[in-house]
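Here is what each chain is made of, one letter per residue.
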Amino acid sequence: MVGVLLCQNVTCMNVVIFNLLHVMKEHKNITMKDIAKALNISVATVSRALNNSSRISSERRQMVQAYAREHNFSPNIIAKDLRNTKVKSAKIIGVILPEVIHYYFASVLDGVEEEARKRGYRVLVGQSHEQYSREVELCQSFNESRVCGIIVSLAKETKEYGHFLELQKSGLPLVFFDRICHGINASRVVVDDYRGVYKAVSYLIKTGCRRIAFFGSPMHLEISKNRYNGYKDALLKYGLPIDESIICICDNREDAEQITPELLQRADRPDAFFAINDDTAIGILRMVKRSGLRVPEDVSIFGFSDGFRSLASDPQLTSVNQRGQEVGREAVDILVSEVEGILPTEKANKRVVKTEMVLRGTTKIISEE
């Protein structure tokens, strides 16, 4: 089984998730590229020969087909079906997500699927699982599957962008979201990360917090830089010092549960935490409560995402709503507009989705002056 249907927040009939890297490792079938290289002919010639095209001589067809049989060549049936549905260009949008289990990426995918369906397109989804190698494989596989364009959020491991440059050279439109790539000139949809964090940290300060810890993602990611800058500038605006010892690379619940107790044991412990996502914030909340401190009276906590878990925590988590569905819809609108010639592909189209604070029980109320 090459793929499985995704039934979480999206329409099952329109979305297929591929675990392409696993399939390739397990089966190791040769590809048309392998046949072309072995016989010193083009991939197009191999394709025509395997499909008995009259444009190829019978001798060459027999040579290619014999080699394919000898080496157990098995065509990608799903990719073939996608090519056969092609009208001008296949109305299939490739989507590459770091992890679909995360609320934010699932909500973006929901917006992508909704908008794609309205525009007459289908969606093909792959997960990089934060791995550069999987991301590269997905790009190659989507390109071979004749998708009309790709919407992608970078894996944490990705620091080289040659695979995206190759897609651009082949004329395939790209739209980045959330974790964007500044190494190439490509369209993007982002939330106002800087402004969202700046407002959140400013709010914490206005409630009386003075030692605000920052838990963020690796700094090679653009969103990490933007959110850190929002945090830093809010402290500077209100005349508070920037203490590097309470700024941590920590973007998941497990790490937060390891790191937070050490900070809480300090004599100069933080009186507030800003976390780059809700899972991290919930890990912080759990450790603060376990230490015997009160939330928000002793320690305030601000998350980022505003997923379902923010409502399930006790107290409910204050968070920044990223509006993932809107990000997904905007990404599809740009991609389809580029595919259909409404927007120029030679220049990067950029859209910014505004965030909003959702105040709940892990932060104090601003006292009236």
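Keep in mind the model is a prediction, meaning the values are calculated, not measured. (Residues numbered from 1 in each chain as written. Predicted model: local features only at pLDDT ≥ 70, side-chain atom pairs only at ≥ 80, totals over all residues. Heavy atoms only, no water.)

A. Region of interest: the packing of helix 2 (residues 32-39) against helix 4 (residues 58-70). Interaxial distance between helix 2 and helix 4 falls to 11 Å at its minimum, and their mutual angle equals 120°. It follows from the interaxial angle that helix 2 and helix 4 lie oblique. Between helix 2 and helix 4 lies a crossing whose hand is right-handed. Across the interface between the two elements, Ile-35, Ala-38 and Leu-39 of helix 2 pack against Met-63, Val-64, Tyr-67 and Ala-68 of helix 4. (Axes fitted to C-alpha atoms, helices over the stretch in contact; angles between N-to-C directions. Helix = DSSP H or I, 4+ residues; strand = E, 2+ residues; numbered from the N terminus. Parallel < 35°, antiparallel > 145°, perpendicular 65-115°, else oblique. Left-handed = near helix turned anticlockwise from the far one by under 90°. Contact = heavy atoms within 4.5 Å.)

B. Spotlight on the pattern of salt bridges. Tallied over the full model, the rule gives 23 salt bridges. Across the pair Arg-227 and Asp-178 runs a salt bridge, and its minimum N-O distance is 4.0 Å. Taken together, the positions of Arg-227 in helix 10 (residues 222-237) and Asp-178 in the loop between strand 6 (174-177) and strand 7 (187-191) put the pair 49 residues apart, joining distant regions of the chain. In terms of burial, Arg-227 and Asp-178 fall into one category: buried. In the salt-bridge network here, residues are joined through shared partners; they are Glu-115, Arg-119, Glu-330, Asp-333 and Arg-351. (Salt bridge = Lys/Arg side-chain N within 4 Å of Asp/Glu carboxyl O. Buried < 20%, exposed > 50% of the residue type's maximum accessible area, 1.4 Å probe, protein only.)

C. How the structure looks around the layout of surface pockets. Here the second largest pocket defines a volume of roughly 600 Å³. Around the second largest pocket, the lining comprises 28 residues; the ones closest to its centre are His-102, Tyr-103, Tyr-104, Asn-277 and Asp-279. Every element with two or more residues in the lining of the second largest pocket is listed here: helix 6 (103-118), helix 10, helix 12 (278-290) and helix 13 (309-312). Of all the elements, helix 6 adds the most residues to the lining of the second largest pocket, at four residues. Residue composition of the lining of the second largest pocket, grouped by class: eight nonpolar, 10 polar and 10 charged. (1 Å grid on protein atoms, 1.4 Å probe; cavity = no way out; pocket = protein on both sides within 12 Å on 5 of 7 lines; lining within 4 Å. Points joined across faces, edges and corners; volume = space filled by probe spheres on them. Nonpolar A, V, L, I, M, F, W, Y, C, P; charged D, E, K, R; others polar.)

D. Broad picture of the packing of aromatic side chains. Applying the stated criterion to the full structure yields 12 aromatic pairs. The interplanar angle of 70° and the centroid separation of 5.8 Å between the aromatic rings of Phe-214 and Tyr-228 together place this pair among those described as edge-to-face. With Phe-214 in strand 8 (residues 212-216) and Tyr-228 in helix 10, this pair connects stretches of sequence that are 14 residues apart. An identical accessibility class is assigned to Phe-214 and Tyr-228; each is buried. Ring centres of Phe-274 and Phe-304 lie 6.2 Å apart, and the angle between their planes is 80°; on these two criteria the pair is classed as edge-to-face. Separated by 30 residues along the polypeptide, Phe-274 in strand 10 (residues 272-275) and Phe-304 in strand 11 (residues 300-305) bring together distant segments of the chain. Neither Phe-274 nor Phe-304 differs from the other in exposure class; each is buried. One Lys or Arg, Arg-227, reaches over the ring of Phe-304 and ends 3.9 Å from the middle of that ring. Over the aromatic face of Tyr-238 sits the side chain of Lys-237, whose NZ or CZ is 5.2 Å from the ring centroid. (Phe/Tyr/Trp six-rings, centres within 6.5 Å; stacked < 30°, edge-to-face > 60°. Lys NZ or Arg CZ within 6 Å of the ring centre and 35° of its normal.)

E. How the structure looks around the sheet that holds strand 11. One open sheet holds the six strands; their spatial order is 9-8-10-11-12-14, and the pairing between them is mixed. With partners counted over all chains shown, the strands left at the sheet margins are strand 9 (247-249) and strand 14 (356-358), one partner each. Each neighbouring strand pair of the sheet contributes to a mean axis angle of 20°, computed without reference to strand direction. Pairing analysis gives three bridges linking strand 8 to strand 9, with the strands arranged parallel. Bridged to Gly-216 within strand 9 is Ile-249. Sheet strands touched by helix 10: strand 8, strand 9 and strand 11. Its angle to strand 8, the strand with the most contacts, is close to 170°. Sheet strands touched by helix 12: strand 8, strand 10, strand 11 and strand 12 (318-321). Its angle to strand 11, the strand with the most contacts, is close to 160°. (Pairing = 2+ DSSP bridges.)

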